[in-house]
Amino acid sequence: MYLSSEWKSDIFATHGGAATNTGSAEGQVALFTKRIAHLTGHLKKNKKDFATQLSLQKLVGKRRALLAYLYKKDIQRYRAIIKALELRDIIK
């Protein structure tokens, strides 16, 4: 399963600093990005799954809010996570 605890701890260890640092903004953005990629793949196969579509939109909004927070608090951390996850710079 893609949401196993080992999978999550690996993401947080890579982007959050430590496997137990689940509150870091970078780790949460990385987790949301992986979940968004998974849901996007699901929606490509199941075009009429509107519940998943709503969940995807909510996740994108949460990720955008966290990125806006990082942009305001520490621009260097924001640029580092954008580069690491290969995301577009959405904050203008």
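Looking at an unreviewed UniProt entry, the protein chain carries the name Small ribosomal subunit protein uS15, with the source organism given as Mucilaginibacter terrae. Its UniProt record gives the protein chain a comment under Sequence similarities (unreviewed entry), which states: "Belongs to the universal ribosomal protein uS15 family." Under the UniProt heading Subunit (unreviewed entry), the entry covering the protein chain gives this text: "Part of the 30S ribosomal subunit. Forms a bridge to the 50S subunit in the 70S ribosome, contacting the 23S rRNA."

Peer 1: Run through the packing of helix α3 (residues 50-73) against helix α4 (residues 75-85), naming residues and quoting values.
Peer 2: Packing of α3 against α4 brings their axes to within 5 Å, and their N-to-C directions diverge by 135°. As far as their axial angle goes, α4 and α3 are oblique. Counted together, L67, L70, Y71 and K73 of α3 and I75, R77, Y78, I81 and I82 of α4 form the full contact between these two elements. When the residues that make up the contact of α3 with α4 are grouped by side-chain class, the tally is seven nonpolar, no polar and two charged.

Peer 1: Tell me about α4, and please be specific about residues and values.
Peer 2: Among the residues making up α4, those that are buried are Y78, I81, I82 and L85. The buried residues of α4 occupy an angular sector of 100° when the element is viewed end-on, so they sit on one face. Exposed residues pointing more than 90 degrees away from the buried face of α4 are listed as Q76 and K83. Looking at the buried positions of α4, the neighbouring elements they touch are α1 (5-15), α2 (25-45) and α3.

Peer 1: Summarise the packing of aromatic side chains; cite the residues concerned and give the values.
Peer 2: Two numbers describe a pair of aromatic rings. These are the distance of the centres and the angle of the planes. Per the counting criterion, the structure on display carries one aromatic pair. Ring geometry for Y71 and Y78: centres 5.2 Å apart, planes at 85°, overall edge-to-face. Note on Y71: relative accessible area 32%, which makes it partly exposed. Take Y78: its relative accessible area is 1%, and that puts it in the buried class.

Peer 1: Which residues make up the confidence of the model for the protein chain, and what values go with them?
Peer 2: Model confidence for the protein chain is summarised by a mean pLDDT of 90, while 98% of its residues fall at 70 or above. Mean pLDDT values for the elements of the protein chain range from 86 in α1 up to 96 in α3.

Peer 1: Can you lay out the environment of Y2 for me, pointing to particular residues and giving the numbers?
Peer 2: Counting through the fold element by element, Y2 comes out in the segment before α1. Taking the C-alpha atoms as reference points, Y2 and R35, 33 residues apart in sequence, are found 8.5 Å from one another. With sequence-adjacent residues up to four places away left out, Y2 is seen in contact with W7, R35 and H38.

Rules used in this analysis
For every chain, the first residue of its written sequence is number 1, and the numbers climb from 1 along that sequence. Local features in this predicted model are restricted to residues whose pLDDT is 70 or higher, and side-chain atom pairs enter the listing and the counts only when it is 80 or higher, whereas totals over whole chains, interfaces and linings include all residues. Remark: hydrogens and water are excluded; side-chain values derive from all non-hydrogen atoms of the structure. UniProt positions are given in the numbering used here, feature names are shortened, and annotations may be inferred rather than shown by experiment. Fitted lines through C-alpha atoms give the axes, limited to the stretch in contact for helices. The angle between two N-to-C directions lies from 0 to 180 degrees. We count a stretch as a helix when DSSP gives it H or I for four or more residues in a row; a strand needs E for two or more, and each element gets its number in order from the N terminus. Comment on the angle field: the value is read as roughly parallel under 35 degrees, roughly antiparallel over 145, roughly perpendicular from 65 to 115, and oblique elsewhere. Here, residues are in contact when the closest pair of their heavy atoms is within 4.5 Å. Under the grouping applied here, Gly and all other residues not named as nonpolar or charged are polar, the nonpolar ones being Ala, Val, Leu, Ile, Met, Phe, Trp, Tyr, Cys and Pro and the charged ones Asp, Glu, Lys and Arg. Whether a residue is buried, partly exposed or exposed follows from its accessible area with a 1.4 Å probe, protein chains only, as a fraction of its type maximum: under 20%, in between, or over 50%, in that order. To obtain the arc, one takes the directions from the helix axis to the C-beta atoms. Working definition: a ring pair exists when centres of Phe, Tyr or Trp rings (six-membered ring for Trp) sit within 6.5 Å. Plane angles under 30 degrees give stacked, over 60 give edge-to-face, the rest tilted. On a scale of 0 to 100, pLDDT captures the predictor's confidence in every residue.

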